[in-house]
Amino acid sequence: MDVIGLIAIIVVFAVVVLFVNSPVAKGKRGEARVSAILHSLPSEEYLVLNDIVLDNGSGMSQIDHIVVSLYGIFVIETKNYKGWIFGSETNPYWTQTIYGHKSKFYNPILQNNGHVRALRRMLSAYRAIPIIPIVAFSGKCDLKNRYLFYSQVVYYVELRKTIRQYTERVMTVPQVNEIARYIQSNNLTSDEARKQQKNCAKARICQYETNLEQGRCPQCGGKLVLRTGQYGQFYGCSNYPRCRYTMR
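These numbers were taken from a predicted model, which means no experiment stands behind them. (Residues numbered from 1 in each chain as written. Predicted model: local features only at pLDDT ≥ 70, side-chain atom pairs only at ≥ 80, totals over all residues. Heavy atoms only, no water.)

1. Focus: the overall build of the protein
- Of the regular secondary structure elements, the protein holds six helices and twelve strands.
- Taking as baseline every contact in the protein between residues at least 6 positions apart, the subset at least 24 positions apart corresponds to 54%. (Helix = DSSP H or I, 4+ residues; strand = E, 2+ residues; numbered from the N terminus. Contact = heavy atoms within 4.5 Å.)

Shown next as structure tokens:
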């Protein structure tokens, strides 16, 4: 083998390694694993929809998984992360720590709440049906602050049990099928729509940060007011109790 051929093989190998270890590839592997877990649920009770992009009225929302069931609709955000994970219910960013190196990522609870709002807007004719948000993390990470969350943040291995704990029937089988078909019919699959969704996600994060910098609530636009509570001072939204956003 000549030198040029050897260099070409090394370059191809390096590109493959970089792709396999890229955040996009890791995310897809996590979504595939969660999809397999969800598909292990009884098919006569649960319908699983993956990678759904919806128009939320002001942009696009990409939802990793939606489970339409006799017991409600579950909206699941998947995170395939390693290391220690620190975060709170309302802080705009969480922290991932691996071997002393820290990096930030957008709060997945807030991210998933946005997905729920988009789905609720689309399913306005089904307002009585509960929509349950769940954030699922890989078991390769350690969720340090999970006991502080009101929202459901679980590991992949806990996901099936978390969903199965809902046992009160709120829909019939025909209704489950009808809603699943309706969501699928509104799923935006074109490359242009997917590109627009990514741009919208970046724009929402920028707007979130801008609101905080200007002392506005990132959820409703109200004024952030300094308050004192049981655990010290914090900023709360002036529109409380309608809006319960807080920040320490």
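2. Things to note about the sheet that holds strand 10 (residues 224-229)
- In space, the three strands of this open sheet follow the order 10-11-12, with antiparallel pairing throughout. Sheet topology places strand 10 and strand 12 (246-247) at the edges, where each strand pairs with a single neighbour.
- Here strand 10 runs beside strand 11 (residues 232-237); their pairing, made up of six bridges, is antiparallel. Bridge pairing in strand 11 links Leu226 to Tyr235. (Pairing = 2+ DSSP bridges.)

3. Topic: the environment of Met122
- Within the secondary structure, Met122 sits in helix 3 (residues 108-122).
- For Met122, a relative accessible area of 13% translates into the label buried.
- In this structure the C-alpha to C-alpha distance between Met122 and Tyr182, which are 60 residues apart in sequence, comes to 9.2 Å.
- Those residues in contact with Met122 that lie beyond four places of it in its chain are Leu54, Tyr182, Ile183 and Asn186. (Buried < 20%, exposed > 50% of the residue type's maximum accessible area, 1.4 Å probe, protein only.)

4. What to know about the confidence of the model for the protein
- When pLDDT is averaged along the protein, the result is 83; 77% of the residues meet or exceed 70.
- The secondary structure element of the protein with the lowest average pLDDT is helix 1 (residues 3-20), at 51, and the one with the highest is strand 3 (residues 72-79), at 97.
- Scored below 50 in pLDDT, residues 13-20 shows four contacts in the model against residues more than four places distant or in partner chains. (pLDDT = per-residue confidence, 0-100.)

5. Here's the deal with the nonpolar core
- Val68, Ile73, Ile76, Leu119 and Ile183 are the most contacted members of the largest nonpolar core, which has 38 residues in total.
- Considering every element that reaches this core, the biggest residue donor is strand 1 (residues 46-55), with five residues.
- Residue contacts for Leu119: discarding those within four places in its chain leaves Leu54, Ile66, Ile73, Val75, Ile131 and Ile183. (Core = buried A, V, L, I, M, F, W, Y, C linked by side-chain atoms within 4.5 Å.)

6. Details of helix 4 (residues 156-164)
- When helix 4 is considered as a whole, its buried residues turn out to be Tyr156, Leu159, Thr162 and Ile163. Summarising the axial view, the buried residues of helix 4 lie within an arc of 90 degrees, below the 170-degree limit, and thus occupy one face. Facing away from the buried side of helix 4, by more than 90 degrees, are the exposed residues Val157 and Lys161. (Arc of directions from axis to C-beta.)

7. A few points about the side chain of Asn112
- Structurally, the position occupied by Asn112 is in helix 3.
- Accessibility expressed as a relative area gives 1% for Asn112, which makes it buried.
- Filtering out sequence-adjacent residues up to four positions away, Asn112 remains in contact with Val75, Ile76, Glu77, Pro133, Ile134 and Val135.

8. Concerning the packing of aromatic side chains
- Applying the stated criterion across every chain, the model contains eight aromatic pairs.
- Both rings, one in Tyr46 and one in Tyr71, keep their centres 5.7 Å apart while their planes meet at 45 degrees; by these two values the pair is tilted. Separated by 25 residues along the polypeptide, Tyr46 in strand 1 and Tyr71 in the loop between strand 2 (60-69) and strand 3 bring together distant segments of the chain. In this structure, Tyr46 and Tyr71 share a single accessibility class: buried.
- Between Tyr81 and Phe105 the ring centres are 4.7 Å apart and the planes differ by 85 degrees, which places this aromatic pair in the edge-to-face class. With a gap of 24 residues between them, Tyr81 in the loop between strand 3 and strand 4 (83-86) and Phe105 in strand 6 (residues 101-106) connect regions that are remote in the sequence.
- The class of Tyr81 is partly exposed, set by a relative accessible area of 21%.
- Among the aromatic residues, those joined into a cluster by ring pairs are Tyr81, Trp94, Phe105 and Phe137.
- The side chain of Lys144 reaches across the aromatic face of Trp84, ending 4.4 Å from its centre. (Phe/Tyr/Trp six-rings, centres within 6.5 Å; stacked < 30°, edge-to-face > 60°. Lys NZ or Arg CZ within 6 Å of the ring centre and 35° of its normal.)

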